[in-house]
Amino acid sequence: MKAICVDGDAATLELAEAVCMGHPLVREVKTFSCVADAMAWLEEEAVNLALLADELADGPGMLLAAEIRRKNPAAAVVFLAGSERYAVRAFEIHASGYLLKPVQRKRLEEEVEYALTGGVVRTSCHIEVRTFGNFELLVDGATVSFTRSKAKELLAYLVDKHGSGVTRAEIFAVLWESGEYDRSMQKQVDVIIRSLRDTLEQYGVSEILELKRGSMRVHPELIDCDLYRFLDGDPRAVNQFCGEYMSAYSWATFTEAHLEQKVYGGKK
C-alpha cells in the first residue's frame, strides 16, 4: 500500500511518516509540507492512506482529501487537526479518523491500523468506561457490579468531570440533590466513597481513583472512555453517540446537551 502525509508542522509530519513506515502493509510513504506539492504529485499517483492536516497555510486539507478520494474512492483519510473546526466536514466525507494535535503516537498507530485493516482496534487499556446510553465500567470486557448504586453514580460523576477534583460537599449535592450537608450526611458520603474504593480494589483497578485530603478525582489517562474519545475528535466515538449520555442521571443532561451541540448543532 502507498501512503501520503501532508502537514505544515515538521514534528507532526515526521511522526506521521514514522507511523506509516512502521506498518507492515505500507510499502511507500510520501511526505509534503504544503498542499500544492501534494496536489502536483497526485496528478500521477493514487494512494491507499492519507494523513492530512485539516488546514494548511496554502490550502485546506479538505480539498486534498477530495482529490485523494477522487483518484481512489476506497482511500482511508485520517485528519491531524489543529482544532475541531472541520470535524463535521470530516465526518461527512467519512474520514477514518480525526485526531486533535498534539497527536499521540499510540493513538495515531491505532488509527492507521484501523484505517488499513477496517477492523476494530483493541486498545491496550483494559479499563473501559461507557457513557453513551447507560453508564457502565468494564474490566477486561466484564461489567463491574457495584454493591451500592450511589457508588456507581459517584464514579460516573467523576468520569464526567474528566479528571477535575470534586469535594465531599459537591458529591453530596450531586448524589442527594437536596437536604442539608451535616455531619450525618458527611458520614453517608464517606460510606459511598469507601464502597466505591472497595469495588475498584475488588476488580483490581483502584489506580483509576485518586483521593487527596478534601477532594477526589479519576485519572482519565488510565481509562478507555467513549466520552473522552468523542472530545478528542474520534469519528467512531462521534458516530456512537445517539443523543443519550448517562441516561440514569439527571445531572448528566448538561454534558449531553454539550455533545448534542457538537454533533447536531443543537437540532436533533
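Please refer to the structure placed before this passage.
Residues numbered from 1 in each chain as written. Predicted model: local features only at pLDDT ≥ 70, side-chain atom pairs only at ≥ 80, totals over all residues. Heavy atoms only, no water.

### Description of the overall build of the protein
The helix and strand inventory of the protein stands at 11 helices and 13 strands. Taken across its 268 residues, the protein has 48% of its residues classed as buried. Of the contacts formed within the protein by residues at least 6 apart in sequence, a portion of 60% connects residues at least 24 apart. With an accessible surface of roughly 13,400 Å², the protein has 47% of that area assigned to carbon and sulfur atoms. (Helix = DSSP H or I, 4+ residues; strand = E, 2+ residues; numbered from the N terminus. Buried < 20%, exposed > 50% of the residue type's maximum accessible area, 1.4 Å probe, protein only. Contact = heavy atoms within 4.5 Å. Areas by Shrake-Rupley, 256 points an atom, 1.4 Å probe, with all protein chains shown as cover.)

### Quick look at the side chain of lysine 152
Tracing the sequence through the fold places lysine 152 in helix α6 (residues 149–160). Dropping the residues within four chain positions of it, lysine 152 is found in contact with Phe135, Glu136, Phe146 and Tyr249.

### Side note on the packing of aromatic side chains
Per the counting criterion, the structure on display carries 9 aromatic pairs. Judged by centre distance (5.9 Å) and plane angle (45 degrees), the rings of phenylalanine 32 and tryptophan 41 are tilted. Neither phenylalanine 32 nor tryptophan 41 differs from the other in exposure class; each is buried. With 5.2 Å between their ring centres and 85 degrees between their planes, tyrosine 157 and tryptophan 251 make a pair best called edge-to-face. Of this pair, tyrosine 157 sits in helix α6 while tryptophan 251 sits in the loop between α10 (235–240) and α11 (253–264), placing them 94 residues apart in sequence. Residue tryptophan 251 is classed as buried on the basis of its relative accessible area of 12%. Every member of this aromatic cluster is reached through a ring pair, and the members are Phe132, Phe230 and Phe241. For lysine 150, the ring lying beneath its charged end belongs to tryptophan 176, and the centroid distance is 5.0 Å. (Phe/Tyr/Trp six-rings, centres within 6.5 Å; stacked < 30°, edge-to-face > 60°. Lys NZ or Arg CZ within 6 Å of the ring centre and 35° of its normal.)

### Some words on the packing of helix α1 (residues 10–21) against helix α5 (residues 105–117)
The geometry of α1 relative to α5 is characterised by a closest axis approach of 10 Å and an angle of 50 degrees between their N-to-C directions. For the element pair α1 / α5, the angle class is oblique. Crossing of α1 over α5 shows right-handed handedness. Contact residues: Leu15, Ala16, Ala18 and Val19 in α1; Arg105, Leu108, Glu109 and Val112 in α5. In terms of residue class, the contact of α1 with α5 is built from 6 nonpolar, no polar and 2 charged. (Axes fitted to C-alpha atoms, helices over the stretch in contact; angles between N-to-C directions. Parallel < 35°, antiparallel > 145°, perpendicular 65-115°, else oblique. Left-handed = near helix turned anticlockwise from the far one by under 90°. Nonpolar A, V, L, I, M, F, W, Y, C, P; charged D, E, K, R; others polar.)

### Quick look at the sheet that holds strand β3 (residues 49–53)
Strand order in the open sheet made by the 5 strands is β2-β1-β3-β6-β7, with parallel pairing throughout. At either margin of the open sheet sits one strand with a lone partner, and together these are β2 (28–32) and β7 (97–100). When strand polarity is set aside, the average angle formed by the axes of neighbouring strands in this sheet is 15 degrees. Relative to β2, strand β1 (residues 2–6) is paired through 5 bridges, and the arrangement is parallel. In the sheet register, valine 6 faces β2, and the bridge partner there is phenylalanine 32. Each of β1, β3 and β6 (76–81) touches helix α3 (residues 61–71); the most contacted strand, β3, lies at about 170 degrees to it. (Pairing = 2+ DSSP bridges.)

### Describing the environment of glutamate 180
Note on placement: glutamate 180 falls in the loop between α7 (168–176) and α8 (183–202). With a relative accessible area of 62%, glutamate 180 lands in the exposed category. Distance in space between the C-alpha atoms of glutamate 180 and phenylalanine 146 is 26 Å, their sequence separation being 34 residues. Beyond its immediate chain neighbours, meaning those up to four positions away, glutamate 180 contacts Phe172 and Met185.

### Looking at the nonpolar core
Counting 45 residues, the largest nonpolar core has Leu154, Leu155, Leu196, Met216 and Met246 as the members making the most contacts within it. Sorting the residues of this core by element identifies β8 (127–130), β9 (136–139), α6, α7, α8, β12 (215–218), α9 (226–231) and α10 as the ones contributing at least two each. With 7 residues, the top contributor of residues to this core is α6. Beyond its immediate chain neighbours, meaning those up to four positions away, leucine 154 contacts Ile171, Leu175, Ile192, Ile193, Leu196 and Met216. (Core = buried A, V, L, I, M, F, W, Y, C linked by side-chain atoms within 4.5 Å.)

### Quick notes on the sheet that holds β8
Remark on secondary structure: sheet strands pair via backbone hydrogen bonds, oriented parallel or antiparallel. If you trace the 4 strands from one edge of the open sheet to the other, you get β10-β9-β8-β13, paired in mixed fashion. Among the strands making up the open sheet, the edge pair consists of β10 (142–143) and β13 (224–225).

### Looking at the layout of surface pockets
The rolling of a water-molecule-sized probe over the atoms marks out the regions of remaining empty space. As a volume, the second largest pocket reaches approximately 230 Å³. Every residue along the wall of the second largest pocket is listed here: Glu84, Ala87, Val88, Phe91, Phe230, Gly233, Val238, Asn239, Lys262 and Val263. Among the elements of the structure, α4 (87–92), α10 and α11 are those that each provide at least two residues to the lining of the second largest pocket. At 3 residues, α4 tops the list of elements feeding residues into the lining of the second largest pocket. Taken together, the residues of the lining of the second largest pocket break down into 6 nonpolar, 2 polar and 2 charged. (1 Å grid on protein atoms, 1.4 Å probe; cavity = no way out; pocket = protein on both sides within 12 Å on 5 of 7 lines; lining within 4 Å. Points joined across faces, edges and corners; volume = space filled by probe spheres on them.)

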